[in-house]
Amino acid sequence: MKSIKRSISCPSSTQIPVVIYIKVAIVLGECTFLKLKNIAASFFRFLQKKASDDAIDSVQRKSCSSGAEDLVFDLESWTSDHFEALNQARSRNSSHGKQEMGSYDCGSLHPGNVAFHFSNPGIQSTTVFISGGGSWFSSNHDHNIHKAANAKAVAPNLTACHQSFGAVNFPVYCCPPGFETPVPFVDFKFPDQQSPVRVRRPAHLLDDNYVAKYSKALSIMKSLPYDDPRSFARQADLRCLYCTAAYDQQNTNVPLNIHRTWFFYPWHRMMVYFHERILASLIGDDTFALPFWAWDIPEGMVMPDMYVTMNSSLFHARRDFSHFPPQMVDLNYYGEKNLSPQEQLDTNLAFMYNRMVSGARKMELFMGCPYKTGEYCDSPGTLELSPHNTMHMWIGSDSRPGREDMGRFYSAARDPIFYAHHSNIDRLWESWREINKNQLDIRDPDWLNSFFFFYDENQKLVKIKVRDVLDTTKLGYSYEKVGHAWMDNRPRPSIPPKLARQILYMTGNESQMQLLSKHILSHDFGPLARILDAPLTVKVNRSKNHWSQREKEEEEVIVVHDIEVKAVSYVKFDVYINVVDHTVIKPRFREFAGTFVHIPTDHIGKKVRSKTYLKLGISEQLKDLEADRDENIWITLLPKTVSCSNVTIGGIRIEYNFN
């Protein structure tokens with residue numbers, strides 16, 4: 001191993017010599033030698049500038065690829081503040097002494113990365129990874145160091161579980177036994193890549209042998225005592241913990257909630273992954289895989305037979321029996337509509353196209369808003385709003401408050417069909433990534449390094465990061481291909497766009513006078529907001545610079561902002577563009593821009609009060625409506641539930657999204 005040494009003397013207020021041993025593991029790939037040098041130099045500059053009581057005594061370099069050149073540290077000017085958090089962690093520790101360095105396995109690094117593995121007096125040994133782009137994170141098991149290395153990465157505080165709310169003024173308690181005592185955990189490891197791949201199949205195609213096997217595994221899981229983390233009841237309460245803010249974020253008092261944010265998809269993938277492995281272990285079958293309910297394709301648009309057979313462990317009494325087969329699912333559910341099967345099918349497919357394609361052309365539109373430590377956001381992505389939320393309500397019992405169990409987040413996982421529902425959500429996440437060729441994947445290190453905890457099939461508590469669940473092949477499972485029928489169902493306008501434009505122009509003056517008399521011509525409704533107790537139409541100006549010189553990568557976005565729901569009930573309203581007659585318009589037409597769906601919960605409690613934002617991508621829609629070069633558009637909010645009378649809207653605006 002080649003090595004170099006450089007001594008750096010740093011002023012110390014305590015005059016206590018401190019030794020830091022650093023091993024630098026370098027993988028030479030796409031990252032250039034110069035970039036590696038600059039990254040390393042920035043790190044040493046940090047030590048020189050920030051660690052006032054430390055001195056670097058020796059430096060060793062280990063090459064992970066043969067023939068790599070020596071790296072010369074010339075201490076160029078520091079340009080990054082990424083290591084500030086590391087310094088804060090170091091300054092909290094006062095003990096000093098010399099620690100020996102362990103070895104580091106270069107095989108886990110990716111090309112273009114640098115890893116500084118170091119030990120510091122008073123700080124547990126850790127490894128800091130720096131990607132070629134300059135982002136960084138830590139592999140330390142210590143929670144305090146993890147906070148330092150991931151200043152904005154989200155994680156739960158497991159030892160501070162508390163009562164939460166399943167809905168406003170509806171307290172629930174789902175904390176696990178003995179949570180006050182820290183439990184040892186292990187880092188997640190991918191399953192043996194030589195193991196057989198678990199193939200998740202559509203529920204409507206499964207035979208009696210599979211159903212019997214699944215029913216047996218679920219019966220065993222339901223028989224386990226509550227103090228066993230593998231039990232069905234504990235699995236259900238696991239979702240209650242994370243979906244009702246029973247935990248706070250680590251090192252803050254901000255409630256942690258995985259819904260309505262960019263953690264919705266990865267967290268549920270983790271939950272379904274461990275649930276599946278536990279079931280498999282209970283029957284000793286390494287090939288067992290959960291089914292997915294393919295409610296987005298015509299063949300799967302009825303509740304699967306396995307879930308409606310009474311006296312089966314898969315049956316659940318708290319469902320809406322009127323929605324049992326042969327009733328077709330309503331992906332845009334807000335009440336019974338009595339559509340014909342063909343009308344319902346056409347609506348479902350057009351709706352899915354909006355959710356998966358035209359309305360989801362940018363990361364945040366599909367994934368939800370960025371959510372980081374100490375912060376709060378409430379702007380869910382397309383698929384989470386619906387059909388995820390709407391299907392929860394469609395399945396839930398019409399005789400239970402809030403349509404429990406599936407109709408409320410705290411109780412939803414008590415129904416076995418929850419896992420088939422979320423397996424399909426997980427499949428559709430992969431479909432969206434494939435449609436966009438993974439170009440919209442999130443690369444923010446705060447998202448990638450956020451982590452959660454789950455018990456595995458061996459009753460071990462596992463810490464698993466978001467970055468660990470982005471490759472289903474490594475996770476050892478796949479989905480049977482069923483196609484995307486909705487890809488070929490791009491909606492059409494309800495009337496010819498030219499005719500609609502003429503009607504809107506002719507009625508514009510009259511409509512404008514009516515709007516002026518109601519003081520709602522402005523797209524900003526002021527501090528008092530606007531109650532959504534009736535259809536609301538607003539004329540919104542578009543930026544001329546954007547509609548006259550649009551860029552290919554840009555997405556035009558409707559933002560309905562400062563939405564506040566003041567009711568303990570299901571809320572839904574739809575959004576349309578350039579509607580001539582809102583009394584006859586339907587979601588299967590091109591004027592439909594999207595929907596807002598609110599399942600009652602109080603996931604933010606009393607610690608944080610924030611309002612919701614609804615973001616809808618409309619660039620493709622405007623082209624189809626021949627309105628992409630208009631100076632303004634008419635946006636209609638159409639209430640679909642009577643509870644919308646308890647909803648206020650702060651305003652509506654247009655934004656332009658490049659990311």
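Provided above is the structure to which this section pertains.
These figures come from a predicted structure and were not determined experimentally. Per chain, residue numbering runs from 1 following the sequence as it is written. Only residues with pLDDT of at least 70 are given local features in this predicted model, and only at 80 or more are side-chain atom pairs given and counted; all residues enter the totals for whole chains, interfaces and linings. Heavy atoms from the whole structure form the basis of all side-chain values; hydrogens and water molecules are not counted.

1. Section: the nonpolar core
Soluble globular proteins tend to pack their nonpolar side chains together in the buried interior.
Then, number 1: For the purposes of this section, nonpolar cores are sets of buried Ala, Val, Leu, Ile, Met, Phe, Trp, Tyr and Cys residues that join through side-chain atoms within 4.5 Å. The cut-offs for exposure are 20% and 50% of the maximum accessible area for each residue type, with area from a 1.4 Å probe on protein chains only; residues under the lower value are buried, those over the upper are exposed, and the others partly exposed. With 148 residues, the main nonpolar core has Tyr242, Trp293, Met367, Phe452, Ile558, Phe573 and Leu637 as its most contacted residues.
Then, number 2: Put simply, DSSP H or I for four residues or longer makes a helix, DSSP E for two residues or longer makes a strand, and each gets a number counted from the N terminus. Top contributing element to this core by residue count: helix H6 (residues 264-282), with twelve residues.
Then, number 3: In what follows, residue pairs with any heavy atoms lying within 4.5 Å of each other are defined as contacts. Discounting residues that sit within four places of it in the chain, Ile558 has contacts with Val575, Ile577, Ala593, Leu614, Lys615, Leu616, Ile618, Ile635, Ile652, Arg653 and Ile654.

2. Here's the deal with the packing of H6 against helix H10 (residues 417-435)
Then, number 1: Only the contacting stretch of a helix is used when fitting its axis, a line to C-alpha atoms as for every element, and angles between N-to-C directions run 0 to 180 degrees. The N-to-C vectors of H6 and H10 enclose an angle of 130°; their axes lie 10 Å apart at closest approach. Classified by the angle between their axes, H6 and H10 sit oblique to one another. In this structure, H6 meets H10 at a crossing whose hand is left-handed. Between H6 and H10, the contacting residues are Phe264, Tyr265, Pro266, His268, Arg269, Met271, Val272 and His275 on the first element and Phe418, Tyr419, His422, Ser423, Ile425, Asp426, Trp429, Glu430 and Arg433 on the second.
Then, number 2: Here the residues of the contact of H6 with H10 are counted per class, giving nine nonpolar, four polar and four charged. Under this scheme an angle from 65 to 115 degrees is roughly perpendicular, one under 35 degrees roughly parallel, and one over 145 degrees roughly antiparallel; angles in between are oblique. By convention the crossing between two helices is left-handed if the near helix lies anticlockwise of the far one by an angle smaller than a right angle, and right-handed if it lies clockwise. Note on residue classes: Ala, Val, Leu, Ile, Met, Phe, Trp, Tyr, Cys and Pro are nonpolar, Asp, Glu, Lys and Arg are charged, and everything else, Gly too, is polar.

3. Quick look at the layout of surface pockets
Then, number 1: Quantified by volume, the second largest pocket comes out at close to 610 Å³.
Then, number 2: Forming the walls of the second largest pocket are 32 residues, and the residues nearest its centre are Leu158, Val183, Tyr247, Tyr455 and Leu461.
Then, number 3: Ranked by residue count, the leading element in the lining of the second largest pocket is helix H5 (residues 232-243), at six residues.
Then, number 4: Split into classes, the residues belonging to the lining of the second largest pocket amount to 20 nonpolar, nine polar and three charged. Put simply, the grid is 1 Å and covers the protein atoms alone, a cavity is a trapped set of points that fit a 1.4 Å probe, a pocket is an open set with protein on both sides within 12 Å along at least five of seven lines, and lining residues have an atom within 4 Å of a point. Grid points are joined across faces, edges and corners, and a volume is the space filled by probe spheres set on the points.

4. Regarding the packing of aromatic side chains
Then, number 1: By convention, a stacked pair of Phe, Tyr or Trp rings (six-membered ring in the case of Trp) has centres within 6.5 Å and planes under 30 degrees apart, an edge-to-face pair has planes over 60 apart, and any other such pair is tilted. Scanning all chains against the criterion turns up 35 aromatic pairs.
Then, number 2: When the centroid spacing of 5.5 Å and the interplanar angle of 70° are considered together, the rings of Tyr242 and Tyr247 count as edge-to-face.
Then, number 3: Note on Tyr247: relative accessible area 5%, which makes it buried.
Then, number 4: Only when the NZ atom of a Lys or the CZ atom of an Arg is both within 6 Å of the ring centre and within 35 degrees of the ring normal do we say a charge sits over the ring. Here Arg234 stacks its cationic end above the ring of Tyr226, 5.6 Å away from the centre of that ring.
Then, number 5: The ring of Tyr334 is capped by Lys337, whose NZ or CZ atom sits 4.1 Å from the centre of that ring.

5. Some thoughts on unusual backbone geometry
Then, number 1: Going from Pro325 to Pro326, the amide bond is cis rather than trans, its omega being 10°.
Then, number 2: Position of Pro326 among the secondary structure elements: in the loop between H6 and helix H7 (341-358).
Then, number 3: With omega at 15°, the peptide bond leading from Ser386 into Pro387 counts as cis.
Then, number 4: Mapping Pro387 onto the fold places it in helix H9 (residues 382-395).
Then, number 5: One non-glycine residue with positive phi stands out, namely Arg260, at about 65°.
Then, number 6: Among the structural elements, Arg260 can be located in the loop between H5 and H6.
Then, number 7: Look at Arg260 and you get buried, because its relative accessible area is 6%.

6. Here we look at the sheet that holds strand S16 (residues 571-577)
Then, number 1: Pairing between strands requires that DSSP locate at least two bridges from one strand to the other. Spatially, the four strands line up as an open sheet ordered S14-S19-S16-S17, and their pairing is antiparallel. Edge strands, defined here as strands with exactly one partner in the open sheet, are strand S14 (536-541) and strand S17 (592-598). If you compare each strand with its neighbour and ignore which way they point, the axes differ by 20° on average.
Then, number 2: One ladder, built from six bridges, connects S14 with strand S19 (residues 632-639); its direction is antiparallel. Along S19, the bridge assignment pairs Lys539 with Trp634.
Then, number 3: Where H9 meets the sheet, it contacts S16 and S17, and its direction lies at approximately 50° from that of S17.

7. Considerations on the pairing of strand S21 (residues 651-657)
Residues in a regular strand point their side chains to alternate faces of the sheet.
Then, number 1: Among the seven residues of S21, five are classified as buried, and the element is accordingly described as predominantly covered.
Then, number 2: Sheet topology places strand S15 (residues 555-565) next to S21; seven bridges connect them, and they run antiparallel. Across the sheet, Ile558 pairs through a bridge with Ile654, a residue of S21.

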